[in-house]
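Topology and contacts: notes
Each chain is listed here by its residues.
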Amino acid sequence: MIDVLYFAWVRERIGLPKERVETDADTVAGLVEELRAREERYAAAFADISALRVAVDQDLSDFDAPLAGVREVAFFPPMTGG
Amino acid sequence: MSVRVQEAAFDFGAEANAFAARCRGAGAVVTFSGITRDLGRDALDRMVIEHYPGMTERALERIEAEARARWNLADALIIHRFGAMAPGDMIMMVATAARHRAEAFAAAEFLMDFLKSRAPFWKKEVTATGGESWVESRDADEAALKRW
């Protein structure tokens, strides 16, 4: 089980900030495929992953990153701090 | 060296003075502050800043450590707010102190460039008529990282 977090419009589109996910995926991209297949709101949020960024265990990462041993994955749009 | 992520407003003058007092040997202190701007056409009611608790502090501490590795800084400070902000409210500030101004200016610009697109904050604008839109990242912000 891993914690999956959503921020900004990804959170709004999916309709929740965080959930526990049971996954068989080996990589972040595999997890995205599983989430997309769930429901339309997930498919909409993950329609264009080039518009998304991912953090694995609170470090910026990429969609090829392995999930073995990972506790937390977060999906969000490009950051706009400052 | 410190990083603060907070919802509460901060007093820029008091922070800048306290920072300068802490590093009296430095000779050069640079400060920058980011302020919520108004939108021309459709008046901004508020800006709402979301962040990723835990990762935000880690990312800012890493950016600050990287600045310290590149320049000989006497001290550095990053304060960044989250939550709702009115036009004119101060969103964030950075301060850097070094022996000479070139290092202090460069380090402050470096901190700003990296925290704009590498620290997990997202801004949403809410207009007086209730319209909401997430601020989009700009290609120029990403390009700015390449100069370092």
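The shown structure was predicted, so the numbers you read here are calculated from the model rather than taken from an experiment.

Turning next to the overall build of chain A. Within chain A, the secondary structure is distributed over three helices and five strands. Taken from N to C terminus, the helices and strands of chain A fall in the order β-α-β-α-α-β-β-β. Relative to the compact-globule value of 12 Å for 82 residues, chain A shows a C-alpha radius of gyration of 12 Å, a close match. Each of the 82 residues in chain A was classed as buried or not, and the buried ones make up 49%. Of the contacts made within chain A by residues no fewer than 6 positions apart, 50% connect residues no fewer than 24 positions apart. Averaging the positions of the 9 positive and the 16 negative side-chain charges in chain A gives two centres separated by 6 Å.

Moving on to the interface of chain B and chain A. Accessible area lost when the parts come together is the quantity often used to give the size of an interface. Taken residue by residue, the interface counts 27 residues in chain B and 21 residues in chain A. Counting each side, the surface lost to burial between chain B and chain A is near 1,900 Å², with a carbon and sulfur contribution of 54%. Taken together, the connections running from chain B to chain A amount to four salt bridges. Close ionic contact of D59 of chain A with R62 of chain B constitutes a salt bridge, the shortest N to O distance being 3.0 Å.

Once that is clear, we can look at helix α2 (residues 55-70) of chain B. Residues and elements named next belong to chain B. Between its terminal C-alpha atoms α2 stretches 23 Å, which fits the 22 Å expected from 16 residues at 1.5 Å a residue. Among all positions of α2, only M55, T56, A59, L60, I63, E64 and A67 are buried. Considered in projection along α2, the buried side chains sweep an arc of 165° and stay on one side of the axis.

Here we take up the nonpolar core. In this structure, Y6, V28, L31, F46, F75 and F76 of chain A together with Y52 of chain B are the most contacted members of the largest nonpolar core, which totals 35 residues. For this core, the elements supplying multiple residues, two or more each, are β1 (2-6), α1 (8-14), α2 (28-38), α3 (40-45), β3 (53-56) and β5 (72-76) of chain A. Ignoring any residue separated from it by four or fewer positions in sequence, one finds V28 of chain A in contact with V54, V56, D62, F63, A65, L67 and F75 of chain A. Ranked by size, the runner-up nonpolar core spans 30 residues in total, among them I49, W71, F110 and F121 of chain B.

Right, let's talk about the sheet that holds strand β5 (residues 83-85) of chain B for a bit. Residues and elements named next belong to chain B. Read across the open sheet, the four strands follow the order β5-β3-β7-β8; overall the sheet is antiparallel. Across the chains shown, the open sheet's two edge strands, defined by having one partner strand only, are β5 and β8 (132-134). The average undirected angle you get between the axes of adjacent strands in this sheet is 25°. Sheet topology note: the strand β3 (residues 44-51)/strand β7 (residues 121-127) ladder contains seven bridges and is antiparallel. By the bridge assignment, V48 is partnered in β7 with K124.

Once that is clear, we can look at the packing of aromatic side chains. Per the counting criterion, the structure on display carries 12 aromatic pairs over all chains. Between F7 of chain A and W122 of chain B the ring centres are 5.0 Å apart and the planes differ by 15°, which places this aromatic pair in the stacked class. One end of the pair, F7 of chain A, is in the loop between β1 and α1; the other, W122 of chain B, is in strand β7, on a second chain. On the basis of relative accessibility, which here comes to 1%, the residue W122 of chain B falls in the buried class. Of the aromatic side chains, those joined through ring pairs into one cluster are Y6, F46, F63 and F75 of chain A. Geometry around Y42 of chain A places R38 of chain A over its ring, the cationic atom sitting 5.1 Å from the centre.

Let's shift gears to the environment of N17 of chain B. Among the structural elements, N17 of chain B can be located in helix α1 (residues 12-22). What makes N17 of chain B exposed here is its relative accessible area of 57%.

Moving on, we come to the sheet that holds β3 of chain A. Residues and elements named next belong to chain A. Here five strands make up an open sheet; going across it, the order is β2-β1-β5-β3-β4 and the pairing mixed. Because the sheet does not close on itself, it has two edges, and the strands there are β2 (18-21) and β4 (59-61). Averaged over neighbouring strand pairs, the angle between their axes works out to 30° when direction is ignored. Across four bridges, the pairing between β1 and β5 is parallel.

Take unusual backbone geometry next. Residues and elements named next belong to chain A. Phi is positive for A8, which is not a glycine, with a value near 55°. Of the residues examined, A8 reaches a relative accessible area of 0% and is grouped as buried. In this model, D57 sits at a positive phi of 45°, which is unusual for a non-glycine residue. Inspection of the secondary structure assignment puts D57 in the loop between β3 and β4.

Positionally, S117 of chain B belongs in helix α3 (residues 101-118). The contact partners of S117 of chain B, leaving out residues within four places of it in the chain, are M79 of chain A together with D141, E142 and L145 of chain B.

Conventions we followed
- The numbering scheme is per chain: residues are counted from 1 as the chain's sequence reads.
- Chains and ligands are labelled by the order in which they are written, letters from A for the one and numbers from 1 for the other.
- It should be noted that, the model being predicted, local features are given only for residues of pLDDT at least 70 and side-chain atom pairs only at 80 or more, the latter also being counted only at that level, while totals for whole chains, interfaces and linings use all residues.
- Only hydrogens and water are removed before side-chain values are computed, so all heavy atoms of the structure are retained for them.
- A run of H or I in DSSP counts as a helix once it spans at least four residues, and a run of E counts as a strand once it spans at least two, with each numbered from the N terminus.
- Our radius of gyration looks at C-alpha atoms and nothing else; its globule reference is 2.2 Å times the residue count to the power 0.38.
- With a 1.4 Å probe rolled over the protein chains alone, any residue whose accessible area is under 20% of its type maximum counts as buried; one over 50% counts as exposed, and the rest are partly exposed.
- Throughout, a contact is declared for two residues whenever any of their heavy atoms are within 4.5 Å.
- Residues scored as positive are Lys and Arg, those scored as negative are Asp and Glu, and His as well as the terminal groups of each chain are ignored.
- In this description, the location of a charge corresponds to atom NZ of lysine, CZ of arginine, CG of aspartate or CD of glutamate.
- Accessible-area loss on putting two parts together, using a 1.4 Å probe and summing over both, is the definition of buried area adopted here.
- What makes a salt bridge here is a side-chain nitrogen of Lys or Arg within 4 Å of a carboxyl oxygen of Asp or Glu, nothing more.
- Multiply 1.5 Å by the residue count of a helix minus one, and that product is the helix's expected span.
- The arc under discussion is defined with respect to the helix axis, by the directions toward the C-beta atoms.
- We call a set of buried residues a nonpolar core when its members are Ala, Val, Leu, Ile, Met, Phe, Trp, Tyr or Cys and they connect through side-chain atoms within 4.5 Å of each other.
- Strand pairing is assigned whenever DSSP detects at least two bridges linking the two strands.
- Throughout, an axis means a line fitted to C-alpha atoms (over the contacting stretch in the case of helices), and angles, computed between N-to-C directions, take values from 0 to 180 degrees.
- Classification of ring pairs rests on two measures: the distance between centres of Phe, Tyr or Trp rings, Trp counted by its six-membered ring, which must be within 6.5 Å, and the angle between planes, read as stacked under 30 degrees, edge-to-face over 60 and tilted in between.
- Put simply, a charge is over a ring when the Lys NZ or the Arg CZ is close to the ring centre, within 6 Å, and near the line of the ring normal, within 35 degrees.

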